[in-house]
Each structure stands twice: as C-alpha cells, then as structure tokens.
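Observations on the three-dimensional arrangement
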Amino acid sequence: MNETMVCAVGNVATQPVYRDLAAGASVRFRLAVTSRYWDREKGTWTDGHTNFFTVWANRQLAGNAAASLNLGDPVVVQGRLRVRTESREGQQSRTSVDIDAVAIGHDISRGTSAFRRSGRPEPMAVGEPARPEPDWATPPAADGAEPEPDTPRSRRREAVAVT
C-alpha cells in the first residue's frame, strides 16, 4: 500500500525482451531518462545526466508492450519504483533501479501513435461473466423520430440550462 509510484518520461534504450513464463507473460526493457535544461550562457538547450531504469511489465501489459515498443521509442511509464542493492564478496556493491509498470504509452508530444485495441483477456475468476461492451449508440429522439446520421451539420444540439 505504501509503495513509491513514479512516472518516467524517456526513450526505450534496449529492444524489449518478451518471455512466456509459468506465472504469465513478462517483458523487460531499459528506459533512458535524460534531463534537459536551458543553458543561459550558451543560449541553447543542454542535455543533463541520463538515468537508466529497468522496466518490467506483466500479463496483458507485457504482450501489448512487446507488440508496440521498439528501440528508441519515446515513452511514458508509470509504475512502482524498486531500488535494490547487491553486494558480492570481493566486488563493489551494485544498485539497480526497476519500475514495475502499471501503464506504458508512447509520448505523443514527440510524435504520433495509432492505437489498436487488443483482444479481450479471459475472465479472471472461474464462472465470472465477462463484462458486456457498453452500448455507444445514440438513443432515439424523445419525440420518437429517428435521429439524422451523425455528421457535423446534423448533430443534435443538447439543451442548455440558463440560470
């Protein structure tokens, strides 16, 4: 419950590696996050230090990430931060910083992306019914007349309350 949630914006630094494990699908990749700042003396933007994170995604997110991400893609990753320190005899201790991803998406401030809905996952519990798809159709008009086709000129106006 008291986990550190982070949102990191950067670039995919390694090609995502997909694995189908007994516990479910898993994918991992390295994320490079570089700070940029305005250098007043030079009058230009300058790159600062680059931080690297290992991003882990599981189950449906893993399959979607493996199908969607490539080396160099600008992405936004949200997830739980994990910092681990390893020390081995006769060697320096190493610190690794991982993000267990909850959400991953392309950073569309730096390009375009086309979304495609993936197949529905199976219901989680045995016997649990799948949720029906919402009915997005326009309801019939109050007077019983059929609404006109949905084009910019024929869209019905909503009633507005004026106080």
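Our subject is the structure that appears above.
The following paragraphs examine the structure supplied in this document.

**Let's talk about the overall build of the chain**
The secondary structure content of the chain amounts to 1 helix and 6 strands. What you see in the chain, going N to C, is helices and strands ordered as β-β-β-β-α-β-β. When each of the 163 residues of the chain is scored for burial, the buried share is 20%. Taking all contacts inside the chain whose residues are at least 6 apart in sequence as the whole, residues at least 24 apart take part in 54%. In the form shown here, the chain has an accessible surface area of approximately 13500 Å², with 51% of it arising from carbon and sulfur atoms.

**Focus on the environment of D98**
Its place among the elements puts D98 in strand 6 (residues 94–106). Look at D98 and you get buried, because its relative accessible area is 7%. In this structure the C-alpha to C-alpha distance between D98 and V55, which are 43 residues apart in sequence, comes to 5.8 Å. Ignoring anything within four residues of it in the chain, the contact list for D98 reads T54, W56, R80, L81, R82 and R84.

**Re the pattern of salt bridges**
Side chains that differ in charge, positive against negative, can pair when their charged atoms come close. Within the structure shown, the criterion is met by 7 salt bridges. R82 serves as the salt-bridge partner of E3, at 3.1 Å between the closest nitrogen and oxygen. Note that E3 is positioned in the segment before strand 1 (5–12) and R82 in strand 5 (residues 74–86), a separation of 79 residues in sequence. Exposure remark for E3: the relative accessible area of 38% places this residue in the partly exposed category. For R110, the salt bridge is made with D107, and the minimal N-O distance between the two is 3.8 Å. With relative accessibility at 12%, the residue D107 sits in the buried group. What emerges from the salt-bridge pattern is a single network uniting E3, R80, R82 and D100.

**A short note on the packing of aromatic side chains**
Tallied over the full model, the rule gives 1 aromatic pair. Plain terms: the ring middles of W38 and W45 are 5.6 Å apart, the flat faces sit at 75 degrees to each other, and that makes the pair edge-to-face. When its relative accessible area of 45% is taken as the criterion, W38 is described as partly exposed. Exposure remark for W45: the relative accessible area of 53% places this residue in the exposed category.

Procedures and definitions
One numbering rule holds for all chains: residues counted from 1, following each sequence as written. With pLDDT at 70 or above as the cut-off, local features in this predicted model cover only qualifying residues; side-chain atom pairs require 80 or more to be listed or tallied, and sums for whole chains, interfaces and linings still use all residues. Think of the side-chain values as coming from all heavy atoms in the structure, minus any hydrogens and water. Each helix is a run of DSSP H or I of at least 4 residues and each strand a run of E of at least 2, with the numbering of both proceeding from the N terminus. Classification of residues uses two cut-offs on accessible area relative to the type maximum, computed with a 1.4 Å probe and protein chains only: under 20% is buried, over 50% is exposed, and between them is partly exposed. Residues are treated as being in contact if the distance between any of their heavy atoms lies within 4.5 Å. Areas reported here follow the Shrake-Rupley algorithm with a probe of radius 1.4 Å; residue values treat only the protein chains shown as occluding. A carboxyl oxygen of Asp or Glu within 4 Å of a side-chain nitrogen of Lys or Arg is what we treat as a salt bridge. Any two rings among Phe, Tyr and Trp, with Trp reduced to its six-membered ring, count as a pair given centres within 6.5 Å; such a pair is stacked if its planes are under 30 degrees apart, edge-to-face if over 60, and tilted if neither.

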